[in-house]
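For reference, the chains in residue letters:
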Amino acid sequence: MSAANNLRSEDQFLCSICLDVFTDPVSTPCGHNFCKNCITENWNINVPYRCPMCKQLFTIRPYLKINTFISEVVAQFRHEAQQKTSSSSSEQQVSKPGEVPCDVCTGTKLKALKSCLVCLTSYCQTHLEPHLTVSGLKRHQLIHPVENLEDRMCRDHDKPLELFCKTDQTCVCIICSVLDHKTHEFVPLKEEYEGKKAELEKTEAEIQQMIQKRRLKIQEIRDSVKINKDDADREKAEGVQVFTALKESVDRGLEQLIKEIEEKQKTTEKQAEHFITELEQEISELMKRSTEVEQLSLSEDHLHLLQSFPSLKAAPPTKDWTQVRVHPPSYEGTVVRAVAQLEETLSKEKKKLIEAELKRVQQYAVDVTLDPDTAHPKLILSDDGKQVHCGDVRKKLPDNPERFSKCVNVLGKQSFSSGRFYFEVQVKGKTDWDVGVARESINRKGKITLNPENGNWTIWLRNRNDYDANSGPSVRLSLKSGPEKVGVFVDYEEGLVSFYDVGAAALIYSFTGCSFTDKLHPFFSPSPSYGGKNSAPLIICPVNHTV
């Protein structure tokens, strides 16, 4: 019996006409089973009489009797199904806050398993059973449980929202499509749903792509942070090494200074002690003679006094101390010389550091060419855009907004709005020149004052020997020798512009704490030729990374 029960299923007891579990099952002569009412109504309408299943024709309408065996089996199946439903119902969960409750349950509300878009009702497992077994209810559309099912009904006509108006981009009922939207374009909700679902899938793919890009950006930032940490650690290690060496050099210099002073002091003290020893010996001899003379003068022996007088009359031999002096050593200049030696050591270390720094910034070398559209009409540019000098004749050129009209300046074609860049300019043989960087938006007409406030970060040479950083006010630069090649380095984010004497591997000047908000261009001015005295060109040079 249990084996038979395991083989039972609802499909075995469904009428093929009403698609529901048999009610008063009857059998036709051909052996097929139907609800008595279903087959009776079928034959009342359709003549001749045929079996709805196999289409067998009956010339005489068969007399139908209830199949008691099938009826008993169906009754047992219904009973078992009810017991199963009752058992399942006891295991259902009570609706919790945030969950959709069953609309049919009275008292304690159980958790809804489905919502019916036709009934506009949510059902727990027990109350959902008719929608799973009754043929008419099986056609209803069930969805995952949702609240506010009334929102799925048309507020004007109390009909389900079954259509989508593409004209107004809204959901409507069948009556709306006839009355309020009769000239509009409609599609079934399912069709629009599929379209919108495809768009959402596309949107989701785009969002995932955006997420991936941002994850890559996060990784890029993390990599930048790691690179920054590595650079910082390397710089700190180098700084510790340099300052440790400098400290040791200072300690050695101090030790040597103290040793030198103490040696001079000891030499002087030793000399003084030698003089004092000699003097003390002479004093001892003189005191001995004084005692002898005193004793002789007290003697009453005439003969003895006269005989001893010649030897005691004269003072014992002594050294002439009138010109003897202890000359203290001169300590003047000792500390100065030690500091000078330290400065020389520091200068050597500084030169090594600047050489290393110059090598690092040269890694950011960029290819710079002069922009003829910005050049003052007197300037003469080479064909390759790498050289510029000032002529005596003002060429007839279009006075476009980019061109400098008063000052003999020219910008580089290349612009930079982030990162770091470096270029080198040969200034050899010139008496006057300006080199640096400038904002793209700088004034190019009339007289221009070079300073950061006006968007220029430059240094210049005037009168062959006067070097200045145009920082507003200008800063006079004390250079041991004039540079023949100037290197310009910019760190946009750091707000740094540094100038180097490439040949001497020396730092000339740095603008720090700059605030860049615009594109930057390399800036050049060869200055007037002054009758040929300053006719040498400014030359943009390729960077030699072996410097």
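Residues numbered from 1 in each chain as written. Predicted model: local features only at pLDDT ≥ 70, side-chain atom pairs only at ≥ 80, totals over all residues. Heavy atoms only, no water.

Now for the overall build of the protein. On a plain count of helices and strands, the protein comes out with nine helices and 23 strands. Once the C-alpha set of the protein is aligned to its principal axes, its extents read approximately 200 × 95 × 40 Å. Counting the 547 residues in the protein, one finds 31% classified as buried. Of the contacts made within the protein by residues no fewer than 6 positions apart, 56% connect residues no fewer than 24 positions apart. (Helix = DSSP H or I, 4+ residues; strand = E, 2+ residues; numbered from the N terminus. Buried < 20%, exposed > 50% of the residue type's maximum accessible area, 1.4 Å probe, protein only. Contact = heavy atoms within 4.5 Å.)

The pairing of strand S20 (residues 496-501) with strand S21 (residues 506-511) spans five bridges and is classified as antiparallel. Residue pairing in the sheet places Asp501 in a bridge with Ala506 of S21. From the end of S20 to the start of S21, which pair antiparallel, there are four residues, and Ala505 there has a positive phi angle of about 50°. (Pairing = 2+ DSSP bridges.)

This part takes up a positive patch on the surface. Where like charges cluster on the molecular surface, the positive patch consists of Lys378, Arg394, Lys406 and Lys447. As for its position among the elements, Lys447 is in the loop between strand S15 (433-439) and strand S16 (456-462). (Patch = residues over 30% accessible without salt bridge, like charges linked within 9 Å, V, L, I, M, F, W, Y side chains within 5 Å. Areas by Shrake-Rupley, 256 points an atom, 1.4 Å probe, with all protein chains shown as cover. Salt bridge = Lys/Arg side-chain N within 4 Å of Asp/Glu carboxyl O. Lys, Arg positive; Asp, Glu negative; His and termini not counted. Charge placed at Lys NZ, Arg CZ, Asp CG, Glu CD.)

Of all hydrophobic cores here, the largest spans 37 residues; its most connected members are Trp433, Val497 and Phe524. Contact partners of Phe524, with chain neighbours within four places excluded, come to Val368, Leu370, Val408, Asn409, Val410, Gly412, Phe423, Val425, Asp434, Leu538 and Ile540. Membership of the second largest hydrophobic core comes to 18 residues, among which are Val26, Ile39, Trp43 and Ile70. (Core = buried A, V, L, I, M, F, W, Y, C linked by side-chain atoms within 4.5 Å.)

This part covers the sheet that holds strand S7 (residues 142-143). In space, the three strands of this open sheet follow the order S6-S5-S7, with antiparallel pairing throughout. Each edge of the sheet is formed by a strand with only one pairing partner; in this case those strands are strand S6 (121-123) and S7. Here strand S5 (residues 114-116) runs beside S6; their pairing, made up of three bridges, is antiparallel. Bridge assignment links Lys114 to a residue of S6, and that residue is Tyr123. Across the sheet, helix H4 (residues 125-133) lies against S5, S6 and S7, angled at about 110° from S6, the strand it touches most. (Axes fitted to C-alpha atoms, helices over the stretch in contact; angles between N-to-C directions.)

Assignment of secondary structure puts Val134 in the loop between H4 and helix H5 (135-138). For Val134 and Leu303, which are 169 residues apart along the polypeptide, the C-alpha to C-alpha distance reads 175 Å.

Before going further, it helps to spend a moment on the confidence of the model for the protein. Per-residue pLDDT for the protein has a mean of 88; in total, 95% of the residues score no lower than 70. Overall, residues 1-7 carries pLDDT values under 50, and its contacts beyond four positions in sequence, including any with other chains, amount to five contacts. (pLDDT = per-residue confidence, 0-100.)

The next subject is the pattern of salt bridges. Evaluated as defined, the whole model comprises 23 salt bridges. Ionic pairing is found between Glu349 and Lys352, a salt bridge with its closest N-O pair at 3.9 Å. Pair noted here: Glu349 and Lys352 are both in helix H9 (residues 334-361), with a separation of three residues, about one helical turn. Taking the relative accessible area as the measure of exposure, Glu349 reaches 22% and is therefore partly exposed.

Now for the sheet that holds S21. Sheet strands associate in pairs through backbone hydrogen bonding, adopting either a parallel or an antiparallel arrangement. Taken together, seven strands build an open sheet; the order of strands is S11-S12-S23-S14-S19-S20-S21 and the sheet is antiparallel. Of all strands in the sheet, those bounded by a partner on one side alone are strand S11 (379-381) and S21. Going from strand to strand, the sheet's axes swing by 20° on average, the running direction of each strand aside. Bridge count for strand S14 (residues 420-426) against strand S19 (residues 485-491) is seven bridges, and the pairing is antiparallel.

As enumerated under the stated definition, the model contains 12 aromatic pairs in all. Pairing Tyr492 with Phe516 gives two aromatic rings, centres 5.3 Å apart and planes at 45°, and the pair type is tilted. With Tyr492 in the loop between S19 and S20 and Phe516 in the loop between S21 and strand S22 (520-525), this pair connects stretches of sequence that are 24 residues apart. Residue Tyr492 is classed as buried on the basis of its relative accessible area of 11%. (Phe/Tyr/Trp six-rings, centres within 6.5 Å; stacked < 30°, edge-to-face > 60°.)

Turning to unusual backbone geometry, a few remarks are in order. Going from Gly472 to Pro473, the amide bond is cis rather than trans, its omega being 5°. Structurally, Pro473 can be placed in the loop between strand S17 (466-469) and strand S18 (475-476). A positive phi angle, close to 55°, is found at Asn463, a residue other than glycine. Tracing the chain through its elements places Asn463 in the loop between S16 and S17. The backbone of Tyr530 shows a phi angle near 50°, a positive value even though the residue is not glycine. On the secondary structure map, Tyr530 appears in the loop between S22 and strand S23 (538-541).

Turning next to helix H2 (residues 36-45). Residues that lie three or four places apart on an α-helix share one face, since the helix turns once every 3.6 residues. For H2, every residue scored as buried is listed here: Cys38, Ile39 and Trp43. The buried residues of H2 occupy an angular sector of 120° when projected down its axis, which confines them to one face. Exposed residues lying more than 90 degrees from the buried face of H2 are Asn37 and Ile45. Looking at the buried residues of H2, the elements they touch are strand S1 (25-27), strand S2 (33-35), strand S3 (49-50) and strand S4 (57-58). (Arc of directions from axis to C-beta.)

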